[in-house]
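# Overview (structure and organization)
Chain by chain, the residues run as shown.
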Amino acid sequence: MARVWSLLFIWIAILSCYSSTANADQQSEVEGFFSQGGHTNNWAVLVCTSRFWFNYRHVANTLSMYRTVKRLGIPDSNIILMLADDVSCNARNKYPATVYNNAARFLDLYGDNVEVDYRGYEVTVENFIRMLTGRVSPDTPRSKRLLSDDRSNILVYMTGHGGDEFLKFQDAEEISAYDLADAFKQMSEKKRYNEIFFMIDTCQANTMYSKFDSPNILATGSSELGESSFSHHTDYEIGVAVIDSYTYYNLEFLENIDMTSNKTLQDLFGTYDPVQISSHPGIRSDLFHRPLDKVKVTDFFGNVQNVELTRYRYPLVEHDSWTEEVPQEPVNGSDVPRPSLKENHPQIYHSFDVKRSNNSQNLLTWLKSLSLPTLFGAMATTVIGYSITKAMQATQ
């Protein structure tokens, strides 16, 4: 009877150790789940809804975002750029074929490699909604299609002139907050995104995301209801404002990160200062399922993809190929033969030839993974069990 009790207590100790390790692993998996976006590709939809020379800053806003997402890794094939494209070669532009976002003119945003997908009068509400929802005509080229799926993270940036729950498109038509919410609803139902980050810089911008009701959408805007969105500064040589304040301070943050950055959207939002921006930026996160301090900026502005690792590596070559000789060739036309690849690099054939570990190795790995408190608890349980067993033997 005493031996049975002793074995029972030892078994309880082992189970408690395993349970502690399993709980720790489970907690790690939960934290990893919330820190990863679950996406495999990134897209950016950048829209300037204005035209005419005096709206120069809106073109500069959009091209600044375009340059940033390209620098952080999103290729042109995954960027939809909608631009009136009428300021670079405007007769009033003192610096033809250029667009700058700073009066010092350090960087030409127009450059040599800007790919405008929707240009001029192609920038319409209808084309914008069709592009988002995938309801384009069959003859639409690939560059005008948003080929996203349910594993895509999409950045949607818009800038222009707006008001209470509307945004003007080239002074000819408007898109309402209801239209935009309905487009995102269709995207959700058609599984065209994993997560969306919506950013808008316009007057009364925060009203544009007030009607959103689709899941996994994070939104931010430059100004509250009744507020204007102001420009940051003017280039007096060309006579117009060159960038808006909200976009300027977002870029100030984004210019200090690269593709390997661990900065989060919470860090970005923490830099918003209504005094500097001259308006009150808004953030809506109730539809978004991840904590903002776990969402990397590069989850939307970059193209950093998650890599799913398997437990074991796959043997790419058979053992027989290890014995094959590489034909010897003369070196630079001489008669001296080149050493075979097998002689110099015998490990090249076996670099992926890894077998599964046996049970004893698994047990050893598990024991090594146990923390000190867990081992102490197991030892204490064993000692208590042994003491109880001895006490029972003494009473018999």
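Residues numbered from 1 in each chain as written. Predicted model: local features only at pLDDT ≥ 70, side-chain atom pairs only at ≥ 80, totals over all residues. Heavy atoms only, no water.

### With respect to the sheet that holds strand β6 (residues 166-169)
Backbone-to-backbone hydrogen bonds join strands into a sheet, with any given pair of strands oriented parallel or antiparallel. Cut-off, in case you're wondering: By definition, two strands form a pair when at least two bridges between them are found by DSSP. Secondary structure elements are taken from DSSP: a helix is a run of H or I of four residues or more, a strand is a run of E of two residues or more, and numbering for both begins at the N terminus. Two residues form a contact once any of their heavy atoms are found within 4.5 Å. Comment: axis = line fitted to C-alpha atoms, over the contacting stretch for helices; angle = value between 0 and 180 degrees taken between N-to-C directions.
Taken in spatial order, the 3 strands of this open sheet run β5-β6-β7, and their pairing is antiparallel. Bordering the open sheet on either side are β5 (162-163) and β7 (173-176), each of which pairs with just one other strand. Across the sheet, helix α3 (residues 125-133) is in contact with β6 and β7; its angle to β7 comes to roughly 35°.

### Comments concerning the sheet that holds strand β1 (residues 41-48)
Strands sit in the order β3-β2-β1-β4-β8-β9-β12 across an open sheet of 7 strands; the sheet is mixed. Across the chains shown, the open sheet's two edge strands, defined by having one partner strand only, are β3 (118-119) and β12 (282-284). The pairing of strand β8 (residues 195-201) with strand β9 (residues 217-221) spans 5 bridges and is parallel. Along β9, the bridge assignment pairs Ile200 with Gly221. Running over the sheet, α3 touches β1, β2 (79-83), β3 and β4 (152-159) and is turned about 175° from β1. Against the sheet, helix α4 (residues 177-189) contacts β4, β8 and β9, and its axis sits at roughly 160° relative to β8.

### Here we look at α4
Note the threshold: Under the convention used throughout, the expected extent of a helix is 1.5 Å for every residue step, that is, one less than its residue count. Whether a residue is buried, partly exposed or exposed follows from its accessible area with a 1.4 Å probe, protein chains only, as a fraction of its type maximum: under 20%, in between, or over 50%, in that order.
With 13 residues, α4 should reach 18 Å at 1.5 Å per residue; the first-to-last C-alpha distance of 18 Å fits that figure. Every buried residue of α4 is listed here: Ala177, Leu180, Ala181, Ala183, Phe184, Gln186 and Met187. The inward-facing, buried residues of α4 contact α3, β4, β7, β8 and β9. Where α4 terminates, the next one or two residues include Lys191, which has phi positive at roughly 55°.

### Let's talk about the pattern of salt bridges
Inclusion rule: In the sections that follow, a salt bridge refers to a side-chain nitrogen of Lys or Arg positioned within 4 Å of a carboxyl oxygen of Asp or Glu.
One pass over the full model with this rule turns up 15 salt bridges. We note a salt bridge from Asp235 to Arg105, for which the minimum N-O separation is 2.6 Å. Within this pair, whereas Asp235 is found in strand β10 (residues 231-235), its partner Arg105 is found in the loop between β2 and β3, the two being separated by 130 residues in sequence. You can call Asp235 buried: its relative accessible area is 4%.

### Considering the packing of helix α2 (residues 56-71) against helix α5 (residues 245-254)
To keep things clear, this is the line we draw: Roughly parallel refers to an angle under 35 degrees, roughly antiparallel to one over 145, roughly perpendicular to one between 65 and 115, and oblique to any angle outside these ranges. Crossing handedness follows the turn of the near helix against the far one: under a right angle anticlockwise gives a left-handed crossing, and clockwise gives a right-handed one.
It is at 11 Å that the axes of α2 and α5 come closest, and there the two elements cross at 15°. In terms of orientation, α2 and α5 fall into the roughly parallel class. For the pair α2 and α5, the sense of crossing is left-handed. Contact residues: Asn61, Ser64, Met65, Thr68 and Arg71 in α2; Thr247, Asn250, Leu251 and Leu254 in α5.

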